[in-house]
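Given next are the chains, with one letter for each unit.
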Amino acid sequence: RRLLKVAPLSVWKEYRQEYLDETLRLDGRGSATHDSQCIGCKAQPGVFRCRQCLGEELLCSSCICTAHQHLPLHAIEEWCGTHFEKTTLQTLGLKVQLGHAVGNACTMAVSRELVVLHINGLHKVNALFCHCKPGLEHRQQLMRFCWWPATAIDPGTCATVEVLCTFQALNLQGNITAYDFYVALENMTDAWHTSRIPDRRAAFMAIVRQWHNVKMLRRAGRGHDPGGVDTTISGQLAVPCRACPHPGINLPDDWDQAPPEFRYVCVQYQ
């Protein structure tokens, strides 16, 4: 136990072979045999798995789509006899219903293919926009699904709120630029570029600017102003500088009456 605290890697070194074997096991079917059935319906062959869900269960196309109605942006792989290859829930037939609770279909839905940026890459998604609720715009349906539309009119590209929060944290802490972050998303989608990845860099840049502006409006309390954001005056969203003198904050009450020798000193004079 003492060695484990002092030199944990020395202890781990004895188990390297086990760790290596387990990572190789993750590349295969695990405990499932080549003729294993879907653990969901028990009727179809289990050939699909999710790399982001816990466990090593293999499902058929129908069951894996059902299991991912709430998780349409997960990474799916298909067993091809000797190895797993990437596929998508869109290819398997999953459609995301917007404007209604998950599992409820809209009788007047309109289908549209979207490109959604998530923390695990770029995804093509078949979305069903609700048209049975008058006045509920496409951009509103996306926002209520936590997908930020790149454009207000007829949006075709979105970014999840999760990916925007992740980028903001990395940008503030590690100075990661929006360009580098977007390229990393492309590499997570297909690092070898064997498939055609849709170019949504400009859309992501626009979304980031919108996100930052709305966050500033929220923090300044503009969302609860009866006059709305249009009444925001110039400089109202700026953060006061702590080092600059501010009457009533870091200046004495009679600062304007200070003698010349104390006029530029932010301390209480005698």
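Residues numbered from 1 in each chain as written. Predicted model: local features only at pLDDT ≥ 70, side-chain atom pairs only at ≥ 80, totals over all residues. Heavy atoms only, no water.

Q: Help me understand the UniProt feature "domain: CxC2-like cysteine cluster KDZ transposase-associated" (unreviewed entry) in the protein chain, please; the structure alone is not making it clear to me.
A: Those residues carrying the UniProt feature "domain: CxC2-like cysteine cluster KDZ transposase-associated" (unreviewed entry) are residues 89-191 in this numbering. Secondary structure within residues 89-191 divides into 32% helix and 27% strand; the distance between the first and last C-alpha atoms comes to 19 Å. (UniProt positions renumbered as here; feature names shortened; annotations may be inferred. Helix = DSSP H or I, 4+ residues; strand = E, 2+ residues; numbered from the N terminus.)

Q: Mind showing me how you'd approach the packing of helix 7 (residues 178-190) against helix 8 (residues 201-219) here?
A: A pair of packed helices is captured by two measures, namely the crossing angle of their axes and the spacing between those axes. Contact pair helix 7 / helix 8: the axes reach a minimum separation of 10 Å and the direction vectors enclose 130°. By the angle class used here, helix 7 and helix 8 are oblique. Crossing geometry of helix 7 relative to helix 8 is assigned as right-handed. Taking contact as the criterion, the partners of A178, Y179, F181 and Y182 in helix 7 are, on helix 8, R201, F204 and M205. Of the residues in the contact of helix 7 with helix 8, the class split is 6 nonpolar, no polar and 1 charged. (Axes fitted to C-alpha atoms, helices over the stretch in contact; angles between N-to-C directions. Parallel < 35°, antiparallel > 145°, perpendicular 65-115°, else oblique. Left-handed = near helix turned anticlockwise from the far one by under 90°. Contact = heavy atoms within 4.5 Å. Nonpolar A, V, L, I, M, F, W, Y, C, P; charged D, E, K, R; others polar.)

Q: Quick question: what am I supposed to make of the domain arrangement of the protein chain here?
A: Accessible area lost upon the coming together of the parts is a frequently used measure of interface size. In terms of domain boundaries, the protein chain breaks down into domain 1 (16-93), domain 2 (94-229) and domain 3 (240-269). Look at where the C-alpha atoms of domain 1 and domain 3 centre, and you get two points 67 Å apart. (Domains from an automatic or database assignment.)

Q: How should the sheet that holds strand 3 (residues 84-87) be read in this particular structure?
A: In sheet architecture, strand pairing relies on hydrogen bonds along the backbone and comes in two forms, parallel and antiparallel. The strand order across the open sheet built from 3 strands is 1-2-3, with neighbouring strands paired in antiparallel fashion. Single-partner strands in this sheet number two, and they are strand 1 (48-50) and strand 3. With direction set aside, neighbouring strand axes in the sheet form an average angle of 35°. Sheet topology note: the strand 2 (residues 76-79)/strand 3 ladder contains 4 bridges and is antiparallel. Each bridged residue has a counterpart across the sheet, and for E77 the counterpart in strand 3 is K86. (Pairing = 2+ DSSP bridges.)

Q: I tried to follow the nonpolar core on my own but got confused; where do I start?
A: Inside soluble globular proteins, nonpolar side chains tend to come together where they are buried. Core analysis: the biggest nonpolar cluster contains 19 residues, and L117, L122, L164 and F204 have the highest contact counts within it. Listing elements by their share of this core, those giving two or more residues are strand 5 (110-118), helix 6 (161-174), helix 7 and helix 8. Top element by residues in this core is helix 8. It accounts for 5 residues. Other than its neighbours up to four places away in sequence, F204 contacts L117, L164, F167, A178, F181 and Y182. (Core = buried A, V, L, I, M, F, W, Y, C linked by side-chain atoms within 4.5 Å. Buried < 20%, exposed > 50% of the residue type's maximum accessible area, 1.4 Å probe, protein only.)

Q: Explain the sheet that holds strand 4 (residues 95-97) to me, please; I cannot follow it from the model alone.
A: Pairing in this open sheet of 5 strands is mixed, and the strands run 4-6-5-8-7 from one edge to the other. Single-partner strands in this sheet number two, and they are strand 4 and strand 7 (147-149). Taking the axes of each pair of neighbouring strands and ignoring which way they run, one obtains an average angle of 40° across the sheet. As paired strands, strand 7 and strand 8 (residues 157-160) are joined by 3 bridges and run antiparallel to one another. Bridging from a neighbouring strand, W148 pairs with A159 of strand 8. Together, strand 5 and strand 6 (121-129) form the strand contacts of helix 7, whose direction differs from that of strand 6 by roughly 85°.

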